[in-house]
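Summary of the model geometry
Residues per chain are reported as follows:
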Amino acid sequence: MEQYFSATQKMEQEVMFPSLLRGVFPQQEGAAPAAGGHADLYERYQLLKAIKPMVEKGLASVNDQSQTGTDSNTALDEGTDSNLEERLSHHVNGLQQVLTDLTKNTKALTRRYSQILEQINLSEEQSSS
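The notes below deal with the structure included here.

**Focus: the pattern of salt bridges**
Evaluation of the coordinates by the stated rule reveals four salt bridges. Notably, a salt bridge pairs Lys49 with Glu12, separated by 3.6 Å at the nearest N-O pair. Pair noted here: Lys49 is in helix α2 (residues 41-67) and Glu12 is in helix α1 (residues 2-14), with a separation of 37 residues, a long-range link. Glu12 sits in the partly exposed class, given a relative accessible area of 29%. Measuring nitrogen to oxygen at the nearest pair gives 3.2 Å for the salt bridge that ties Glu12 to Lys52. Taken together, the residues Glu12 in helix α1 and Lys52 in helix α2 connect sequence positions 40 residues apart. For Lys52, a relative accessible area of 14% puts it in the buried group. What you see here is one network of salt bridges that share partners, running through Glu12, Lys49, Lys52 and Glu56.

Okay, structure coming up:
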C-alpha cells in the first residue's frame, strides 16, 4: 500500500503537463495491460488520478469500521465464521494484486513522462546550437 501511495505521489509531483502524454502509448516493460487495451498514457494518467481518492476513501472507511467496534457483530453463525479467514485472504490477495498493478502502471507512466521531457530538452538544446 505504501509503495502505491509513494508512486502516485511521485507521479503527481513529476507530471506537470499531462497533455504531453496524449497519443503516447505505454511500453511493455513493467506496465500492466490497459483495461481497454488501447488507452494512451494521458487516459491512463486520468484513470490513475481518479483511482487514488477511491483507494484512500476505501482505506479510510475500513479504518472507520474497525474503530467503531464490533459489539453488534458478536452473534455471527459458526458456519460463516469458519469461512471468514479464507474469504478475507482471497480479498486481501486480490487487493494486493490490484495495488501492485496500479503501482507498476504509475511508475511506468512517470518513467515515460521523464523520457518525453528528456527528448524535449534534447530537441531544444540541438535547435539552439
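**Description of the nonpolar core**
Ranked by size, the top nonpolar core spans 16 residues in total, and within it Tyr4, Val15, Leu21 and Leu109 carry the most contacts. Only α1, α2 and α3 (78-128) provide two or more residues apiece to this core. Residues within four places of Val15 in sequence aside, it is in contact with Leu21, Tyr45, Leu109 and Tyr113.

**Remarks on the packing of aromatic side chains**
Throughout the structure, instances matching the rule amount to one aromatic pair. In this arrangement the basic side chain of Arg22 is found over the ring face of Tyr42, its NZ or CZ atom lying 4.0 Å from the centre.

**Here we look at the side chain of Thr110**
Mapped onto the elements of the fold, Thr110 is located in helix α3. In contact with Thr110, not counting residues within four places along its chain, are Lys10, Met11 and Glu14.

Parameters at a glance
- Residues numbered from 1 in each chain as written.
- Predicted model: local features only at pLDDT ≥ 70, side-chain atom pairs only at ≥ 80, totals over all residues.
- Heavy atoms only, no water.
- Salt bridge = Lys/Arg side-chain N within 4 Å of Asp/Glu carboxyl O.
- Helix = DSSP H or I, 4+ residues; strand = E, 2+ residues; numbered from the N terminus.
- Buried < 20%, exposed > 50% of the residue type's maximum accessible area, 1.4 Å probe, protein only.
- Core = buried A, V, L, I, M, F, W, Y, C linked by side-chain atoms within 4.5 Å.
- Contact = heavy atoms within 4.5 Å.
- Phe/Tyr/Trp six-rings, centres within 6.5 Å; stacked < 30°, edge-to-face > 60°.
- Lys NZ or Arg CZ within 6 Å of the ring centre and 35° of its normal.

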